[in-house]
Amino acid sequence: MSWQPEVDELAYRRRLAARMGGEDKVARHRQAGKLTVRERVDALADAGSFREVGGLSGSGRYDGNGRLVDLVPSNLVMGRARVDGRPVVLVGDDFTVRGGANDGAVGDKLVHAEKMAHDLRLPMIRLVDGTGGGGSVRNIEIKGHTLIPTMKVWQHVVENMATVPVVSLALGSVAGMGAARVASSHYSVMVRETSQLFNEGPPSVEARVGQTLSKNELGGSQIHTRNGVVDDEVPTEHEAFARARRFLSYLPASVHALPPRAEPAADTARRDDWLLGAIPRQPGGDYAIRPIVETVVDADSFFETGAQWGRAVVTGLARLDGWPVAVIASDPAVDGGSWDRDAAEKFTRFVDLAQTFHLPVVHLVDTMGLQVGREAEQAGIMRHGVRALAAVYQATVPWCSVILRRAYGVSAAGHQHMGRFNFRYAWPSANWGALPIEGGLEVAYKAEIEGADDPVQKRAEIEQRVRSLTSPFRSAEAFVIEDIIDPRDTRALLCEFANLAAPLREPGVSRFGIRP
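Now for a look at the structure at hand. Since the structure is predicted, the reported quantities are computational estimates derived from the model, not experimental observations.

Conventions adopted
- Residues numbered from 1 in each chain as written.
- Predicted model: local features only at pLDDT ≥ 70, side-chain atom pairs only at ≥ 80, totals over all residues.
- Heavy atoms only, no water.
- Pairing = 2+ DSSP bridges.
- Helix = DSSP H or I, 4+ residues; strand = E, 2+ residues; numbered from the N terminus.
- Axes fitted to C-alpha atoms, helices over the stretch in contact; angles between N-to-C directions.
- Contact = heavy atoms within 4.5 Å.
- Parallel < 35°, antiparallel > 145°, perpendicular 65-115°, else oblique.
- Left-handed = near helix turned anticlockwise from the far one by under 90°.
- Nonpolar A, V, L, I, M, F, W, Y, C, P; charged D, E, K, R; others polar.
- Polar contact = N/O pair within 3.5 Å; in protein donor to acceptor, adjacent residues only side chain to side chain.

### Overview of the sheet that holds strand 11 (residues 232-234)
So, step 1. Taken in spatial order, the seven strands line up as 1-4-5-6-7-9-11 in an open sheet, and their pairing is mixed. Each having just a single partner strand, strand 1 (51-53) and strand 11 make up the two edges of the open sheet. Sheet twist, expressed as the average angle between the axes of neighbouring strands with direction ignored, equals 25 degrees.
So, step 2. Against the sheet, helix 3 (residues 37-44) touches strand 1, strand 4 (76-83), strand 5 (86-93) and strand 6 (124-128), its axis set at about 160 degrees to strand 5.
So, step 3. Taken strand by strand, helix 4 (residues 106-120) contacts strand 1, strand 4, strand 5 and strand 6, and its axis lies near 20 degrees from that of strand 4.

See the structure below:
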C-alpha cells in the first residue's frame, strides 16, 4: 500500500493555493494594472528557480468527514530563488487574498523568511502589496480580543539591515507594517501611480484628522521619493524588478562576503578631453555633475539611487575596472552643492551602506558648506551635518576624494576621514577654506572696508588680494593637498585606487558608535 492518496491531496492543495484569491479577485487585481504575486515572482526570479516555502499554509474548509473542500491560501508567498544566478530570499504579499492583511499565518511566515535570509546569509527581496503583516480591525472580532502591537518580525528586520542586502518594492497600496517594511531597506522602489505608501490609509486619515485625500494625494511616489522614505520611482513593475536586480549586482550576498568584481574594464587609462572644460571659470557657475561621474567610472556602470531627494548630493553605485564602489558627488546646480538636512541625511545613509557592505568610496567634492539662513537653522542643519561627519569618521572602508572645485565649511570637512590614510586629488579648478571668500570678507575685513573712503573699491581690492592667494598650487607647495591632477587623468587614478583598495576590503559585521 502506497502513500499515493496523500501525494494526490498534496497536489490538490497546491492547485487550490495557486488560485490565490480566486478568479474574480485576480481579475480585479490585473484590471488595476498590477501583476499577481506569482507573476511577480516569475518575472523577478530566474526561470524555474523559485522554491516555495510554506505554500500549504492557509485556511482550509472541511466536510463532515474531515475531507478538504476548499482552501484559502495564506496571503504571503515566500521562498528561495535565484536572481541573475545568485540565491536570494523572496517574499511577496498576495493582495487578492484579504488585501494582504495579517491572517493566514502571515506573521509567522514573515519571521521565517527574515530568519532564512539572515541565517543563510542571502539577500532579501520584499514584494510588498498591502499591510504586509500589519493588523486589521477585523481581527478583533475573529480573535475576540485586542492585541498590543509587538511586531515580532522587527528584531529580524533590524538584524538583516546589518547583515544582508535588503530590497523592498512597493507594488500597490502599502500601509502600516507593510510601509514600515518598505522603509526598512537598503534600497526601495515605488511604481508611479499604482503604488502608494502611508502609515494609515485615506479612510483612517479622514476619520482621525478630517483630511479627505486620494491614495496618491496621501502617499504617492511623488511624495515619498522626494522626502527620502523611498529611494526611487519607476513607471512599471518590470522596471522595479530590473532596478532590484541591478542594485544587488553591486553587493555581496551578506556582510560576510565581499562585493563581486565584474569583467575588468579595457579602458582604465581613457582620457576624455572635454573634462578640461567641465568646470566653468566664473566663480559659482553651474555645471552638470552626472556626466562627469559617468565619464570617470566604467561605461554604463553608474546606478544612481535617491535622485529626487537630498539633491545637493548625488549618490550611486558604480564600477572601476570592474570593482564595485560607492560614489558620492556634490551637485553644484542645487544650492551650490550646500547641504540641507535631507542632503546630510542622504549622505549619512549612503556612507553607512558603503561601510556595511565593504564598498570603497569615491567622493567628488564641490560644496559651499551647510545651508545657511533661518530655514536651515530651524531645520537643525548643524545636527544633521555633524551626524554626517560622524558617519565619515566611523567608516573604515577605503576612500578616495577628488576636489573638483569648492570645498568650504562643515560639509567639506567631511570629504574624508582626516585621521587615517586616504587617497585625495584636486583638479586645477579647486579652491577651499573655512568660509567662501564671498561671505567671509565682510566679517574678516569689516573695519577696514567700512573705514575706507570708497568701501566698494576697498572691498574689491581686498578680494583681489585674497583671491591671489587661493590658487590650489599655493596649497600644494605647503602640502595641504597631496596632488593636483589633469582632469583627464581622473579615471586612471580612480581605477588605480579601486585595484589597490580591493585587497584591503574585509568581510564582517560593521558596528557604528553613537552619533550626535
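On we go from here.
### A look at the packing of helix 3 against helix 11 (residues 237-249)
So, step 1. One can describe the packing of helix 3 onto helix 11 by two numbers: an axis separation of 10 Å at closest approach and a directional angle of 45 degrees. As summarised for this structure, helix 3 and helix 11 are arranged oblique, according to the angle between their axes. As helix 3 packs across helix 11, the resulting crossing turns out to be right-handed. Contact with helix 3, carried on its side by Arg40, Ala43 and Leu44, involves Glu237, His238, Phe241 and Arg245 of helix 11 and no other residues of that element.
So, step 2. Across the contact of helix 3 with helix 11, the residue classes break down as three nonpolar, one polar and three charged.

### Overview of the side chain of His417
So, step 1. By secondary structure assignment, the location of His417 is in the loop between helix 16 (409-413) and strand 17 (423-426).
So, step 2. At 3.4 Å, the side chain of His417 forms a polar contact with the backbone oxygen of Tyr393.
So, step 3. Beyond its immediate stretch of four places on either side in the chain, His417 contacts Val392, Tyr393, Ala395 and Asn422.

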